[in-house]
Amino acid sequence: MAASAAFALKGVEPSMVRAIVGANWGDEGKGKITDMFAAKSDIVIRFQGGANAGHTIINEHGRFAFHLMPSGVCYDHTTCIIGNGVALDINKFITELEDVKAAGLNPHLLVSERCQILMPYHILLDTYEEERLGKNAFGSTKSGIAPFFSDKFSKIGIQVNELFDEEALRAKLENICTLKNLVLEHVYHKPLLHVDDLLATCMEYRDSSTLAGYGAVGAGLPPHKIEDIVVVTKAYSSAVGAGEFVSEILDEDKAQELRVHGGDKGEFGATTGRPRRVGWFDCVATRYGVECQGATQVVMTALDCLSYLEEIPVCVGYEVDGKVIKDFPVTHILKDCKPVLKTLKGWHCNIRGIQNFEDLPQEAKDYVAFIEQEIGHKITMVSNGPERE
């Protein structure tokens, strides 16, 4: 599933709570869709994920690549909340907020006091583990996300509110150093952590006027309050890092061609800048993602990126052991799957900026209709350009 997501709340009625999530491997365009819905929302909550995510938004204020900011900060009327499920890298948060203000924006932004802090040692441990794994590495962005969530579930993470109890914080840091130094010394053979250094870092975080002014609110919502779940998918597939990717284009020349035409500046990571793996639309994986998220509506982005193609393959099934399957399999089966492709006629003309679906070329409408049929869900909105309008 996608790496990060948001809530958009309109008014105070429970029925007006909308969740915006991804169907695939991230980079579907959730940030843009959240920015669009935020125009008529009172509150936008970034409820999970970390600074490894990158949400590109283009509007009248400029081009932004948000990593931690909720994708509603471009509106004066919207309260934006960083919820307690976010991996809060405070240094990156402050830098990003300063950039937003430098663009002339003054967002109403709140941070949950229960939000957990991504510490510098999380980034180090992420980097060391990728080094240790060598050719079997996961392809991490080395942003500290895996070690952060490991600590969260191990109950040794540090919440924002804990920065303001120095005595208890020191005791917690002593325990953290004991545990982490065993790994650093005996697994990675790297320099050890020191309590005083970590405490000083935490005090710097606490004394930041940016953080102190915003650390005042929680962002919990019970699941039954969410009645509209917008699942975002892209007109083709992309992924970052290692792992199975059945519809991946293995011909590097063809992959590079799609990579260059993709996104607003190509399919390159907003956080790392590294080339993304690209492939044809995967109906099997998307149907699974849409169903797992409990979609009430599906949005397709980046349709215009396929305009250069005369023919467009679509992955409609997986072949494994001589059989064609249409249900997304477990990993040990997935690695043996080959894509079953159906080729559709392309529209081969520039459609960027067309705002009425009926004004699209028939081939483009047929492409959307075919995917609707394959994934079994209505596509209620199609985006065919990187900008908000």
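Above: the structure in question.
Residues numbered from 1 in each chain as written. Predicted model: local features only at pLDDT ≥ 70, side-chain atom pairs only at ≥ 80, totals over all residues. Heavy atoms only, no water.

Tallying secondary structure elements over the protein chain gives 11 helices and 19 strands in all. Buried positions account for 51% of the 389 residues belonging to the protein chain. By sequence separation, contacts in the protein chain at least 24 residues apart represent 73% of the contacts at least 6 residues apart. For the protein chain, the accessible area works out to roughly 17,900 Å², and carbon and sulfur atoms hold 51% of it. (Helix = DSSP H or I, 4+ residues; strand = E, 2+ residues; numbered from the N terminus. Buried < 20%, exposed > 50% of the residue type's maximum accessible area, 1.4 Å probe, protein only. Contact = heavy atoms within 4.5 Å. Areas by Shrake-Rupley, 256 points an atom, 1.4 Å probe, with all protein chains shown as cover.)

Let's shift gears to the pairing of strand β15 (residues 297-301). Of all the five residues making up β15, five are buried; the element is thus mostly covered by neighbouring parts of the structure. Side chains Q297, V299 and T301 project from β15 onto one buried face, and the interleaved V298 and M300 project onto a second face that is buried too. Bridge count between strand β11 (residues 226-234) and β15: five bridges; the pairing is parallel. Residue pairing for β15: V231 is matched across the bridge by V298. Sheet topology note: the β15/strand β19 (residues 379-382) ladder contains three bridges and is parallel. If you follow V299 over to β19, its bridge partner there is M381. (Pairing = 2+ DSSP bridges.)

Moving on, we come to the sheet that holds strand β9 (residues 116-117). Strand pairing in a sheet is mediated by backbone hydrogen bonds. Such pairs are either parallel or antiparallel. Pairing in this open sheet of three strands is mixed, and the strands run β7-β9-β10 from one edge to the other. Both outer strands of the open sheet, β7 (87-88) and β10 (158-159), are each paired with one neighbouring strand and no more. Direction of pairing for β9 relative to β10: antiparallel, over a ladder of two bridges. By the bridge assignment, I117 is partnered in β10 with I158.

Scanning the entire structure with this criterion turns up two cavities of 30 Å³ or more. Of the pockets and cavities examined, the second largest cavity occupies roughly 30 Å³. Lining the second largest cavity, in full, are N24, W25, G26, E28, K234, Y236, S237 and S238. The class makeup of the residues in the lining of the second largest cavity is two nonpolar, four polar and two charged. (1 Å grid on protein atoms, 1.4 Å probe; cavity = no way out; pocket = protein on both sides within 12 Å on 5 of 7 lines; lining within 4 Å. Points joined across faces, edges and corners; volume = space filled by probe spheres on them. Nonpolar A, V, L, I, M, F, W, Y, C, P; charged D, E, K, R; others polar.)

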